[in-house]
Amino acid sequence: MAVAPRRLVLASGNAGKLREFRALLAPLQIDVISQAELAIPSAEEPHATFLENALAKARHASALSGLPALADDSGLCCVALDGAPAVRSARFAGVDGDGADAANNRLLIERLRDSGDRRGHYVCVLAALRGPDDPEPLIADARWHGEIVAAPRGINGFGYDPHFLLPELGRTAAELAPEHKNRISHRGRAMKQLLVRLREAWA
């Protein structure tokens, strides 16, 4: 059985994702570094599915870093918007970098203004590779169901979290403590699956 890597590159420059993945991978004692720390540019994400984009990002980061890589492709899917923003969640409003979250949230609320159906769910697909040509990537995926609220609530999280209400808790994702979010979120649930597979395949 292969030895687990001690270092792994996260195929993202998103500081919020990096914090979450460092906490989630802590049990395996793997040092997670972001591709931004290695000056690796973002990969192209031309695909229509979360899975294809996750694999593309992981292969890109692994090829340019020489390290095992982990990629997360995730997003928000809204019933009333025929699944949008989906794989375009981070670029929904066409804005990149600082200000993207605010612009994306404004556009989301505008698009849902006249809709009576506020249901939405987060999707997370994770892909872990030992190298860019790994023929057996480890894949995990999960969903987190909620509703979209017009007024933002909470200061934690990132992305659409201030507008993503969890009816059973009466709070938005941004109102949850980080450790609580990590336990129940789409990313946390997918990571639990991946940890099992990492232990089986890479331990």
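Not measured: the values here are computed from a predicted model.

> Give a description of the overall build of the protein that names residues and reports values.
Along the backbone of the protein there are five helices and seven strands. Helices (α) and strands (β) of the protein occur, in sequence order from the N terminus, as β-α-β-α-β-α-β-β-β-β-α-α. Summarising its shape, the C-alpha atoms of the protein cover approximately 55 × 30 × 25 Å along the three principal directions. Burial status across the protein gives 49% buried among its 203 residues. In the protein, of all internal contacts separated by at least 6 residues, the share reaching a separation of at least 24 is 61%. Here the protein has roughly 9,800 Å² of accessible surface; of this, 53% comes from carbon and sulfur atoms. Computed over 25 positive and 25 negative side-chain charges, the separation of the two mean positions in the protein equals 4 Å.

> Describe in detail the pattern of salt bridges, supporting the description with residues and values.
Enumeration over the complete set of coordinates arrives at 11 salt bridges. Between Asp72 and Lys17 there is a salt bridge; the shortest N-O distance is 2.9 Å. Of the two residues, Asp72 sits in strand S3 (residues 69-78) while Lys17 sits in helix H1 (residues 15-25), which places them 55 residues apart along the sequence. With relative accessibility at 3%, the residue Asp72 sits in the buried group. Glu175 serves as the salt-bridge partner of Arg153, at 3.1 Å between the closest nitrogen and oxygen. Separated by 22 residues along the polypeptide, Arg153 in the loop between strand S5 (138-148) and strand S6 (164-166) and Glu175 in the loop between strand S7 (171-172) and helix H4 (178-184) bring together distant segments of the chain. Members of the salt-bridge network, linked through shared partners, are Glu45, Lys57, Asp73 and Arg91.

> Explain the pairing of strand S1 (residues 7-10) to me, using residue names and the numbers behind them.
Across four bridges, the pairing between S1 and strand S2 (residues 31-34) is parallel. Across the sheet, Arg7 pairs through a bridge with Asp31, a residue of S2. The parallel pair S1 and S2, bridged by H1, forms a crossover whose chirality is right-handed. In this structure, S1 lies alongside S3, joined through two bridges in parallel fashion. For Leu10, the partnering residue across the bridge sits in S3 and is Leu70.

> Tell me what's going on with H1, and back it up with residues and numbers.
Listed as buried for H1 are Gly16, Lys17, Leu18, Glu20, Phe21, Leu24 and Leu25. Taken together, the buried residues of H1 touch S1, S2, S3, strand S4 (119-129), H4 and helix H5 (186-202). The residue sitting at the N-terminus of H1 and contributing the capping side-chain oxygen is Asn14; that oxygen lies 2.9 Å from the backbone nitrogen of Lys17.

> Got a sec to walk through the side chain of Arg187? Specific residues and values, please.
Relative to the elements of secondary structure, Arg187 occurs in helix H5. Here Arg187 falls in the buried class, since its relative accessible area comes to 3%. Side-chain polar atoms of Arg187 contact the side chain of Asp72, separated by 3.3 Å.

Scoring rules and cut-offs
- Residues numbered from 1 in each chain as written.
- Predicted model: local features only at pLDDT ≥ 70, side-chain atom pairs only at ≥ 80, totals over all residues.
- Heavy atoms only, no water.
- Helix = DSSP H or I, 4+ residues; strand = E, 2+ residues; numbered from the N terminus.
- Buried < 20%, exposed > 50% of the residue type's maximum accessible area, 1.4 Å probe, protein only.
- Contact = heavy atoms within 4.5 Å.
- Areas by Shrake-Rupley, 256 points an atom, 1.4 Å probe, with all protein chains shown as cover.
- Lys, Arg positive; Asp, Glu negative; His and termini not counted.
- Charge placed at Lys NZ, Arg CZ, Asp CG, Glu CD.
- Salt bridge = Lys/Arg side-chain N within 4 Å of Asp/Glu carboxyl O.
- Pairing = 2+ DSSP bridges.
- Right-handed = clockwise from strand over helix to strand, strands pointing away.
- Polar contact = N/O pair within 3.5 Å; in protein donor to acceptor, adjacent residues only side chain to side chain.

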